[in-house]
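Here are the chains, one letter per residue:
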Amino acid sequence: MSSHEDDTAAPASADQIAFHRLARLRPRYRWWRMLLTGLLGIALYSAIMLLLIVPLGIMAAIIPEWGVEVQTLLTTTEYFDLDRPWLLVALVLPLILMIPALFAASRIVEGRGIGLLSSVTGRLRLGWLGKSLLLAGAVFVAYFAVLLGWSAATGESIAPDFSHPNLGIMVVLVLLLIPFQAAAEEYVFRGYLMQLVGGWLRHPAFAILLPVPLFVFAHGYDIWGAASVGVFAAVAAWLTWRTGGLEAAIALHIVNNVFIFLFGSLGMVDANATSGTPIDLLASTVAMVVFALLADRWAKRLGIARTAKARPTAASVGANGTHRLDAVFHG
């Protein structure tokens, strides 16, 4: 085993910092700064949204056709509509815009090192992200094959429909936008919130579990759908902690959402569904747990860094020679 693999297998210590504790490696770290990052991020996000909404409102007031479409946007509960592909843009674009708002706020408040929101290496590890996407794709091909096979066996029609004239547009929008939407949610819920909690509470269970209710609350599902979302949030957070970054969680999120919307485009599933069943919950939980265990094992085999190395500054070395955690990141 290489020395790099030895490092990744070592338990987190004063110089091996797990993902949820990375905020403490930022140059301006104070216990309250990530709270300020969140408040500034909300303010920046609100400003960005106003820059979009105000011109749209003006155009809707001037052009009657735009006014009708805006009214549809404000009243509909089904944003996935092949007759109006732009509704998908209206749904996911505000989510995508959370990324620049968060990054800008984090840089302004906490200084250098916004890459630590991505992983313990200070960047998004694209190679590992690509491998995670392949693994998630394989797992979810099997999951949806079983799911759709079960539906067919129970008499439900699952024949794909390629006839809609906007099918190509919707597929392109899904493939272009959903990866960024999924990444944005991961940066907020598994990046920012995990490190916010981890800056205060050392044990990873707090950082993994405490943001889960917020993620569930952000999705308007029934009890079974909410339970599935909660399981997803816990699995994604556990993966983020275990693999030292957001890549595997982003891959899981992307593949899950892309499959749902692509199958929804073909009329094989209801992409607007907000309800579920115990069978749905069980099946999705099995798929997510299988992916998480395989990804964790693969990351270990590949030597994917799970912790960040921190070199303590002179100020962080105590009188007895022990190191405090408020060190400077050099990864």
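Residues numbered from 1 in each chain as written. Predicted model: local features only at pLDDT ≥ 70, side-chain atom pairs only at ≥ 80, totals over all residues. Heavy atoms only, no water.

Concerning the packing of aromatic side chains
Here is step 1: Throughout the structure, instances matching the rule amount to eleven aromatic pairs.
Here is step 2: Taken together, a centroid distance of 5.0 Å and an interplanar angle of 75° make the contact between Phe189 and Phe215 edge-to-face. Of this pair, Phe189 sits in helix α7 (residues 167-198) while Phe215 is found in helix α9 (residues 212-217), placing the two residues 26 residues apart along the sequence.
Here is step 3: Put simply, the rings of Phe140, Tyr143, Phe144, Phe259 and Phe263 touch in pairs and so form one group of aromatic residues.
Here is step 4: In this structure, Arg190 is placed above the aromatic ring of Phe215, and the distance from its NZ or CZ to the ring centre is 4.3 Å.
Here is step 5: Looking at Arg242, its charged tip hangs above the ring of Trp241, at a distance of 5.9 Å from the centre. (Phe/Tyr/Trp six-rings, centres within 6.5 Å; stacked < 30°, edge-to-face > 60°. Helix = DSSP H or I, 4+ residues; strand = E, 2+ residues; numbered from the N terminus. Lys NZ or Arg CZ within 6 Å of the ring centre and 35° of its normal.)

Side note on the side chain of Arg125
Here is step 1: Position of Arg125 relative to the elements: it lies in the loop between α5 (98-110) and α6 (126-153).
Here is step 2: For Arg125, a relative accessible area of 6% translates into the label buried.
Here is step 3: Of the polar contacts made by the side chain of Arg125, one reaches the backbone oxygen of Gly244; its length is 3.4 Å.
Here is step 4: Filtering out sequence-adjacent residues up to four positions away, Arg125 remains in contact with Ser119, Val120, Thr243, Gly244, Gly245, Glu247, Ile304 and Ala305. (Buried < 20%, exposed > 50% of the residue type's maximum accessible area, 1.4 Å probe, protein only. Polar contact = N/O pair within 3.5 Å; in protein donor to acceptor, adjacent residues only side chain to side chain. Contact = heavy atoms within 4.5 Å.)

Things to note about the packing of α5 against α7
Here is step 1: Put simply, α5 and α7 touch, their axes get as near as 9 Å, and they point 35° apart. Contacts between α5 and α7 involve Met98, Ile99, Leu102 and Phe103 on the former and, on the latter, Phe180, Ala183, Ala184, Glu185, Tyr187, Val188 and Tyr192.
Here is step 2: Its residues assigned to classes, the contact of α5 with α7 shows ten nonpolar, no polar and one charged. (Axes fitted to C-alpha atoms, helices over the stretch in contact; angles between N-to-C directions. Nonpolar A, V, L, I, M, F, W, Y, C, P; charged D, E, K, R; others polar.)

What about the nonpolar core?
Here is step 1: By size, the foremost hydrophobic cluster in this structure holds 78 residues, and its most contacted members are Leu22, Leu88, Phe140, Val174 and Phe291.
Here is step 2: For this core, the leading source of residues is α7, giving 15 residues.
Here is step 3: The contacts of Val174, once residues within four sequence positions are left out, are Phe80, Leu88, Pro179, Val258, Phe261 and Leu262.
Here is step 4: Listed in part, the five residues of the second largest apolar core include Met194, Ala207, Ile208 and Ala237. (Core = buried A, V, L, I, M, F, W, Y, C linked by side-chain atoms within 4.5 Å.)

A look at the environment of Arg242
Here is step 1: Relative to the helices and strands, Arg242 is located in helix α10 (residues 223-243).
Here is step 2: Residue Arg242 is classed as partly exposed on the basis of its relative accessible area, which comes to 28%.
Here is step 3: Along the chain, Arg242 and Ala299 lie 57 residues apart, while their C-alpha atoms are 8.9 Å from each other.
Here is step 4: Among residues more than four places away in sequence, those in contact with Arg242 are Asp296 and Arg306.
Here is step 5: Here the side chain of Arg242 touches Asp296 through a polar contact of 3.1 Å, side chain to side chain.

A few points about the packing of α7 against helix α11 (residues 247-265)
Here is step 1: The contact between α7 and α11 brings their axes to 8 Å, and the two run at 150°. It follows from the interaxial angle that α7 and α11 lie roughly antiparallel. Viewed along their axes, α7 and α11 form a crossing whose handedness is right-handed.
Here is step 2: For the contact of α7 with α11, a count of residues per class yields 16 nonpolar, four polar and three charged. (Parallel < 35°, antiparallel > 145°, perpendicular 65-115°, else oblique. Left-handed = near helix turned anticlockwise from the far one by under 90°.)

Let's talk about helix α2 (residues 33-62)
Here is step 1: Between its first and last C-alpha, α2 extends 44 Å over 30 residues, near the 44 Å set by a 1.5 Å rise per residue.
Here is step 2: Burial in α2 covers these residues: Met34, Thr37, Gly38, Gly41, Met49 and Ala60.
Here is step 3: If you follow the buried residues of α2, they end up packed against α3 (64-75), α4 (86-96), α5 and α7. (Expected span 1.5 Å × (residues − 1).)

Digging into the environment of Ile17
Here is step 1: Structurally, Ile17 is set in strand β1 (residues 16-18).
Here is step 2: Remark: the alpha-carbon pair of Ile17 and Arg306, spanning 289 residues in sequence, is separated by 8.6 Å.

Focus on a nonpolar patch on the surface
Here is step 1: Together, Trp31, Trp32, Leu35, Leu36, Leu39, Ile42, Trp200, Leu201, Phe206 and Leu210 give the surface a local cluster of nonpolar side chains, amounting to about 990 Å² of exposed area.
Here is step 2: Structurally, Trp31 can be placed in the loop between β1 and α2. (Patch = residues over 30% accessible without salt bridge, like charges linked within 9 Å, V, L, I, M, F, W, Y side chains within 5 Å. Areas by Shrake-Rupley, 256 points an atom, 1.4 Å probe, with all protein chains shown as cover. Salt bridge = Lys/Arg side-chain N within 4 Å of Asp/Glu carboxyl O.)

Focus: the environment of Val286
Here is step 1: Assignment of secondary structure puts Val286 in helix α12 (residues 278-302).
Here is step 2: Residue Val286 is classed as partly exposed on the basis of its relative accessible area, which comes to 46%.

Digging into α12
Here is step 1: With 25 residues, α12 extends 36 Å between its outermost C-alpha atoms, agreeing within 8% with the 36 Å of an ideal straight helix rising 1.5 Å per residue.
Here is step 2: Buried within α12 we find Leu281, Ser284, Ala287, Met288, Phe291, Ala292, Ala295, Asp296 and Ala299.
Here is step 3: The secondary structure elements touched by the buried residues of α12 are α6, α10 and α11.
Here is step 4: Where α12 terminates, the next one or two residues include Gly303, which has phi positive at roughly 75°.

What about the confidence of the model for the protein chain?
Here is step 1: Overall, the predicted model of the protein chain reaches an average pLDDT of 88, with 89% of residues at or above 70.
Here is step 2: Here residues 1-12 is modelled with pLDDT under 50, and outside its nearest four sequence neighbours on either side it reaches 15 contacts, counting other chains as well.
Here is step 3: Counting contacts from residues 313-331, a segment whose pLDDT is below 50, to residues more than four positions away or on other chains yields 37 contacts. (pLDDT = per-residue confidence, 0-100.)

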